Amino acid sequence: MSDKQSRTRNFSIIAHIDHGKSTLADRLIEDTGLMSKRDMSAQFLDNMDIERERGITIKLQAVRLLYTAKDGIEYILNLIDTPGHVDFTYEVSRSLAACEGALLIVDGSQGIEAQTIANVYLALDNDLEVIPIINKIDLLSADPQRVKDEIEHVIGIEAQNAPLISAKAGININEVLETIVARVPAPTGDVNGPLQALIFDSYYDQYRGVIASIRIVQGRIRKGMKIDMMAVGKSFDVDEVGVFANGLLPVEELTAGDVGYINAGIKNVKDTRVGDTITETLNPAPEALPGYKKVTSMVFCGIYPADGSRFEDLKDALSKLQLNDASLLYEAETSMALGFGFRCGFLGLLHMEIIQERIEREFNIDLVTTAPSVIYKVIKTDGTEFWVDNPSNLPDPVEVKSMEEPIVDASIMVPSEYLGAVMELCQERRGTYLTMDYVEESRVILKYELPLNEIIYDFFDALKSRTRGYASFDYDIKEYRTSNLVKLDILLNGELVDALSFIVHRDKAEGRGRLIAKKLKQEIPRQMFEIPVQAAIGNKVIARETIKAMRKDVLAKCYGGDISRKHKLLEKQKAGKKRMRQVGNVEVPQEAFMAVLKLDS
Ligand SMILES: Nc1nc2c(ncn2[C@@H]2O[C@H](COP(=O)(O)OP(=O)(O)OP(=O)(O)O)[C@@H](O)[C@H]2O)c(=O)[nH]1
């Protein structure tokens, strides 16, 4: 082991949302003197606006801290941040693979949550030393002993000596630093072997191109070296290597055990895939590091500009976002109802919402989106197989032999008083009960198999509202399974509205069809004529509502008097019109397309 390796500690922080990960990270940065409080505009690690507003961590980043421990030695502590949501599990696993240890932060008043457990298992799978830390001990409701016992009981790691801290009040932060030095193993790896560097993150900088965050596992990397991306299969010349100090700090070289970045004239984050291995072209490693996976989009939806003339702006926005997000897919599509837009693929629902929000906020484009869909496998009667991510592309039912849908393993942690409500919800969503374990007297981990298409609409919302926000939820894709699925179409005044079609289990089609017809009846304003709203499978109508014809005109309310009021009403009606979509001869408000997604009663 080199001297530098013996002084290096690479670690990450695992925590459930709101348990204090960012606050602790800030404390560590402040207490090691990397940045003063004044330099930190807000929390350092969560640096996207949306992340901050929603209080979630999406992009991972790293930071290098220098800490002189009680033993008088200066240590290099590389803190690698991990994203905190189920959609980004693969990225979490790769950033954990770049570390030797993980701090497990648990809120001393809340205890362990489902998401935390999933990440702890990821850390243990990557052979990390997991170090429990109990936060928020300043709260009156904190019960550290209960939380320690819970950690031991649920995860099976020793927790009685866990540091008791308050990240917010700055209590016992030093103990955390000393614990990192004492318990996180130093990195090993031959500094003279052929280069193997793991990419655990990358981002696009408009002036410098792609900056890739890497962990050197073996060998060394320096400026001027020619490198290969082993999975992607492309070569680049290294322009700069460096570490994450207060900003990017160039260094001479990075060696086995180091965490840092490279800049190599790379124009697209697609060439720096998370999990890929970098090696030296002239002296390549015989094999890549384990664990690389090409991430696949699981959730798809159509995204259309509310104002059809902004199609090009939307295209531009998507291409800019994709520069920084290799897992965002998009391709142009046309909808009879919505005009020109894009079919987009996402890792999951949250990823989808983040992208939609960024387009609306950062690029100022109002959007209409279609119901999200998972990707189905279709086996045709002639034996051919293909994937369908857009219900409109489903072939004629007579050509379909069978269809398969993705199934997930879900784990839900919930206080036992809500157990019944959660089981009922899972049952309604075609769940198959697997197991149930009591974490302590009053809390349960429930495991269910659930079809992904049952959780992408409003499962989170339904779970939250039925447990008053107390349940936490996590899932993993398990397999594809044959299922009796049908395409449900919606017709307005006899015309099929392609943007409202979706795929659903046969047994749920009628109920869903009726609900949607009802919702649309509420959302679509009366017009001059009567409008039938129908839900149909093929030619068979399974539900029907009628929007009655309008009787009064808007001005009738004005009693002929106040002219300014009359103007106002007309203006309002005009503005309302702009946000309408013409479907055949029916005007449909944009909100109707979204409203049909929220169906939980
Ligand atoms: N009372 C108390 N509050 C704390 C402590 N640490 C963090 N908090 C508060 O808990 C909330 C969540 O803290 P964050 O650090 O943003 O949580 P996080 O785990 O990073 O959350 P994500 O970024 O969403 O993953 C904030 O309002 C903090 O001020 C603590 O030690 N005591």
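Residues numbered from 1 in each chain as written. Predicted model: local features only at pLDDT ≥ 70, side-chain atom pairs only at ≥ 80, totals over all residues. Heavy atoms only, no water.

S.K.: Give me helix 9 (residues 349-362): which residues, what numbers.
M.R.: For helix 9, spanning 14 residues, the distance from its first C-alpha to its last is 20 Å, which sits close to the expected 20 Å at 1.5 Å a residue. For helix 9, the complete set of buried residues consists of Leu349, Leu350, His351, Met352, Ile354, Ile355, Gln356, Arg358 and Ile359. A positive phi of about 55° marks Asn364, the residue just after helix 9. (Helix = DSSP H or I, 4+ residues; strand = E, 2+ residues; numbered from the N terminus. Expected span 1.5 Å × (residues − 1). Buried < 20%, exposed > 50% of the residue type's maximum accessible area, 1.4 Å probe, protein only.)

S.K.: Pulling in residues and values, what's your account of the pairing of strand 29 (residues 502-505)?
M.R.: Taken residue by residue, a regular strand's side chains alternate between the two faces of the sheet. Of the two faces of strand 29, the one lined by Phe502 and Val504 and the one lined by Ile503 and His505 are each fully buried. Pairing analysis gives four bridges linking strand 27 (residues 485-492) to strand 29, with the strands arranged antiparallel. Bridging from a neighbouring strand, Leu485 pairs with His505 of strand 29. (Pairing = 2+ DSSP bridges.)

S.K.: Tell me about the sheet that holds strand 5 (residues 129-135), and please be specific about residues and values.
M.R.: Taken in spatial order, the five strands make up an open sheet running 2-3-1-4-5, and their pairing is mixed. Two strands in the sheet have a free side with no partner beyond their single neighbour: strand 2 (62-68) and strand 5. The sheet shows a mean angle of 30° between the axes of neighbouring strands, direction not considered. Bridge count for strand 1 (residues 8-15) against strand 3 (residues 74-80) is five bridges, and the pairing is parallel. Following the sheet pairing, Phe11 is matched in strand 3 by Leu79. Lying on the sheet, helix 2 (residues 21-31) is in contact with strand 1, strand 2, strand 3 and strand 4 (101-107); it crosses strand 1 at an angle near 155°. In this fold helix 5 (residues 114-125) packs onto strand 1, strand 4 and strand 5, with an angle of close to 155° to the strand it touches most, strand 1. (Axes fitted to C-alpha atoms, helices over the stretch in contact; angles between N-to-C directions. Contact = heavy atoms within 4.5 Å.)

S.K.: How would you explain the packing of helix 2 against helix 7 (residues 173-183) if you had to name every residue and give the values?
M.R.: Taken N-terminus to C-terminus, the directions of helix 2 and helix 7 make an angle of 85°; their axes are 10 Å apart at the nearest point. Here helix 2 lies roughly perpendicular to helix 7, going by the angle between them. Touching Leu24, Arg27, Leu28 and Asp31 of helix 2 are Ile173, Val176 and Leu177, all from helix 7. When grouped by side-chain class, the residues that make up the contact of helix 2 with helix 7 number five nonpolar, no polar and two charged. (Parallel < 35°, antiparallel > 145°, perpendicular 65-115°, else oblique. Nonpolar A, V, L, I, M, F, W, Y, C, P; charged D, E, K, R; others polar.)

S.K.: Hey, could you go over the state of the cysteines for me, with residue numbers and the actual values?
M.R.: On inspection of all chains with the given rule, the structure shows zero disulfides. Free of any disulfide, Cys301 has its nearest neighbouring cysteine sulfur in Cys344, separated by 6.1 Å. (Disulfide = S-S within 2.5 Å.)

S.K.: I'd like a description of the UniProt feature "binding site: GTP" (unreviewed entry) in the protein chain, backed by residues and values.
M.R.: Mapped onto this structure's residue numbering, the UniProt feature "binding site: GTP" (unreviewed entry) falls at Asp18, His19, Gly20, Lys21, Ser22, Thr23, Asn135, Lys136, Ile137 and Asp138. Tracing the backbone shows Lys136 in the loop between strand 5 and helix 6 (144-155). Those residues in contact with Lys136 that sit more than four places away from it in its chain are Asp18, His19, Asp107, Gly108, Ala142, Ile165 and Ser166. Reaching out from Lys136, the side chain makes a polar contact with the side chain of Asp107 at a distance of 3.3 Å. In this structure, Asp138 sits in the loop between strand 5 and helix 6. (UniProt positions renumbered as here; feature names shortened; annotations may be inferred. Polar contact = N/O pair within 3.5 Å; in protein donor to acceptor, adjacent residues only side chain to side chain.)

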